[in-house]
Amino acid sequence: MSVLDYYKTNSFNPVPIKFAIKSNIKKHYIKRINLLENHLKIHLSLLKNKDVLEFGCNGAENACLLSEYGANLYLVEPHKKIHKIIVNNFNKIKKKNRLKLLSDDTLESFKTKKKFDIIIAEGFLNTLEKRNLYFKKISRLLSPGGLLIINYDDIYGGFFEYLKSYTLIKLCKKTNIKSDSKESLNLAKTLFKKEFDKLSKSRSFTAWWKDQLINPYAAKTWSLIDLIKIANSQKLICNSTSPIFYNTNFFKWYKDANLKDFKYINQNKLYTEAWKRNFLNFFIGSKFKTKKKIDNKTLRKLKYFIKRMNLCFENKGLDKSLLIPRELKQLLKNNGLNDYYKEIDILLKLLNSKSQNSKQIINFYKRSKKIKITWGNLLHYVVFKKNIVL
């Protein structure tokens, strides 16, 4: 089964976008423009007559925005029932002439000799079994200087959402209810809905529960470190990210540059180091001045811990105790975040307990000061540019 099959089987759209009236379209466009221009440094006014290939476009609401700026859209959406919605959306904004291709191929089966100025793959690439292979496949379809835009569930930025999933699924096991049941949804509302409703979001609580809290594909994570390794093999340069964390050029004169700064390996190394310096910002999900950056050993230990925790999505490992890595404890303590460690530690000990103490766990979580309001930054974007040899 693929993530697409999961959505089809459960008959739901993970991020429904209302494209019915002008006010809804405008609201969606504003968010998308903010992502593309202010975060990812892609200036929409330069897209006129550029060729854009998008995989898994859903209703193509994002593609419609690009067509408004004169881009030519080539869309690959394997869910054929959505094609009517796609065409209707382009007709609604009177840009049907910009829709050059609408294919029901999968990424795996799609073939073309054409090269593209921009390629977009959002919402699914990290869930594929051979994702490294398909990352390389689509990168080879880029024109020189072309941009590859992907998003993914970040294993580190998703820590607190994964902790919420683990808490819910572990409680379901303790109370002998199925994690995909109505009772599970009601339990999730008890635990998380009050804080969820305070977020700036694009989907309902039920959609979030189904797509994130209990979805087995939610465990298919990546990190920027993983992606840069693949990008180096394809000579791609990290161009921009969201969340934004790269500030190496702040207050530097533009002439303070040399050829080595434009080599893909050197540029990607700078992004990696900036990512480590700003790790706690997206781990917690708020602006934070780091006193001591994360080291490679802590990254490895934390990654292993999160992978063990995420076995819950497959109903595995629920009988085993989880202990917070001491390296994470030290990182949080060194940065004045010991309150986070204490709450995580207590919650895990309660969940590890063999007693059926569900009310105690629920009450502790609802009274917590840190973990209940902390979400991290689960969804990350990264733009890679095809290297041009200078």
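The paragraphs below set out a description of the structure included in this document. (Residues numbered from 1 in each chain as written. Predicted model: local features only at pLDDT ≥ 70, side-chain atom pairs only at ≥ 80, totals over all residues. Heavy atoms only, no water.)

### Things to note about the overall build of the protein chain
Definition in use: In this description a helix means any DSSP run of H or I spanning at least four residues, a strand means any run of E spanning at least two, and both kinds are numbered starting from the N terminus. For this measure, only C-alpha atoms enter the radius of gyration; the expected value for a globule follows 2.2 Å times N^0.38, where N is the number of residues. Exposure is judged per residue with a 1.4 Å probe applied to protein chains only, and the accessible area is read against the type maximum: over 50% gives exposed, under 20% gives buried, and values in between give partly exposed. It only takes one pair of heavy atoms within 4.5 Å for two residues to be counted as in contact. All accessible areas in this document rest on Shrake-Rupley with a 1.4 Å probe, and a residue is counted as covered only by the protein chains that are shown. His residues and chain termini do not enter the charge count, which takes Lys and Arg as positive and Asp and Glu as negative. In this description, the location of a charge corresponds to atom NZ of lysine, CZ of arginine, CG of aspartate or CD of glutamate.
For the protein chain, the count of helices and strands is 15 helices and seven strands. Computed over C-alpha atoms, the radius of gyration of the protein chain comes to 22 Å, within 12% of the 21 Å expected from 2.2 N^0.38 for 390 residues, which places it in the range of a compact globule. In terms of principal-axis extent, the alpha carbons of the protein chain reach across some 65 × 50 × 35 Å. For the protein chain, the proportion of its 390 residues judged to be buried stands at 51%. Long-range contacts, defined here as pairs at least 24 residues apart, represent 75% of the contacts in the protein chain between residues at least 6 apart. Total accessible area computed for the protein chain in this model is approximately 19,900 Å², and 52% of it derives from carbon and sulfur atoms. Across the protein chain, the centroid of the 78 positively charged side chains sits 2 Å from that of the 32 negatively charged ones.

### Regarding the nonpolar core
We count it as follows: Think of a nonpolar core as a cluster: buried Ala, Val, Leu, Ile, Met, Phe, Trp, Tyr and Cys residues, connected wherever their side-chain atoms sit within 4.5 Å.
Counting 92 residues, the largest nonpolar core has F55, L125, F159, L168, F279 and F283 as its most contacted members. Per element, the largest residue contribution to this core is nine residues, and it comes from helix α6 (residues 159-174). Counting 30 residues, the second-largest nonpolar core is a separate cluster that includes F19, L35, L73 and I86.

### Some thoughts on the environment of W222
For W222, the location among the structural elements is in the loop between α8 (205-213) and α9 (224-233). Taking the C-alpha atoms as reference points, W222 and L125, separated by 97 residues in sequence, lie 9.8 Å from one another. In this structure W222 touches L125, N126, R131, N132, I150, Y152, D153, D154, I155, L227 and I230, once residues within four positions along its chain are discounted.

### A look at the environment of L53
By the secondary structure assignment, L53 is in strand β1 (residues 51-55). Given the relative accessible area of 0%, L53 is considered buried. Separated by 85 residues in the primary sequence, L53 and I138 place their C-alpha atoms 9.6 Å from one another. Setting aside anything within four residues of it in sequence, one finds L53 in contact with Y74, V76, F110, F116, I118, I119, I120 and L141.

### Some points on the sheet that holds strand β2 (residues 72-76)
Here is the rule we go by: At least two bridges found by DSSP between two strands is the condition for calling them paired. Only the stretch in contact is used when fitting a helix axis, every axis being a line fitted to C-alpha atoms; angles between N-to-C directions are given from 0 to 180 degrees.
Read from one edge of the open sheet, seven strands run β3-β2-β1-β4-β5-β7-β6, paired in mixed fashion. What marks the edges here is a single partner per strand, and that holds for β3 (99-103) and β6 (236-242). Going across the sheet, the axis of each strand differs from the next one's by a mean of 15°, ignoring polarity. As paired strands, β1 and strand β4 (residues 116-121) are joined by four bridges and run parallel to one another. Bridged to F55 within β4 is A121.

### A short note on the pattern of salt bridges
This is how the line gets drawn: Here, a salt bridge means any side-chain nitrogen of Lys or Arg that lies within 4 Å of a carboxyl oxygen of Asp or Glu.
Counted by the stated rule, this structure contains 12 salt bridges. Ionic pairing is found between R32 and E122, a salt bridge with its closest N-O pair at 2.3 Å. A residue pair is termed long-range when its members are at least 10 positions apart, and R32 in helix α2 (residues 22-39) and E122 in the loop between β4 and α5 (131-139) qualify at 90 residues. Close ionic contact of D51 with K114 constitutes a salt bridge, the shortest N to O distance being 2.9 Å. Of this pair, D51 sits in strand β1 while K114 is found in the loop between β3 and β4, placing the two residues 63 residues apart along the sequence.

### Considerations on empty space enclosed by the protein
The method is simple in principle: a probe with the dimensions of a water molecule rolls over the atoms, and the space it marks as empty is what remains. Note the threshold: For cavity detection a 1 Å grid was placed over the protein atoms alone, and a set of points counts as a cavity when a 1.4 Å probe fits there but cannot get out; an open set counts as a pocket when protein lies on both sides within 12 Å along at least five of seven lines, with lining residues being those that have an atom within 4 Å of a point. Grid points are joined across faces, edges and corners, and a volume is the space filled by probe spheres set on the points. Asp, Glu, Lys and Arg are counted as charged, while Ala, Val, Leu, Ile, Met, Phe, Trp, Tyr, Cys and Pro are counted as nonpolar; the rest, among them Gly, fall into the polar class.
As enumerated under the stated definition, the model contains two cavities of 30 Å³ or more in all. In this structure, the largest cavity encloses a volume near 50 Å³. Lining the largest cavity are R32, L36, I42, L47, L66, I118, I120 and I149. The residue inventory of the lining of the largest cavity, partitioned by class, reads seven nonpolar, no polar and one charged. In this structure, the second largest cavity spans a volume of roughly 30 Å³. Surrounding the second largest cavity, Y152, L224, T241, S242, F245, W275, H380, Y381 and V382 form its lining. Breaking the lining of the second largest cavity down by element, the ones donating at least two residues are β6 and β7 (379-386). With three residues, the single largest contributor to the lining of the second largest cavity is β7.

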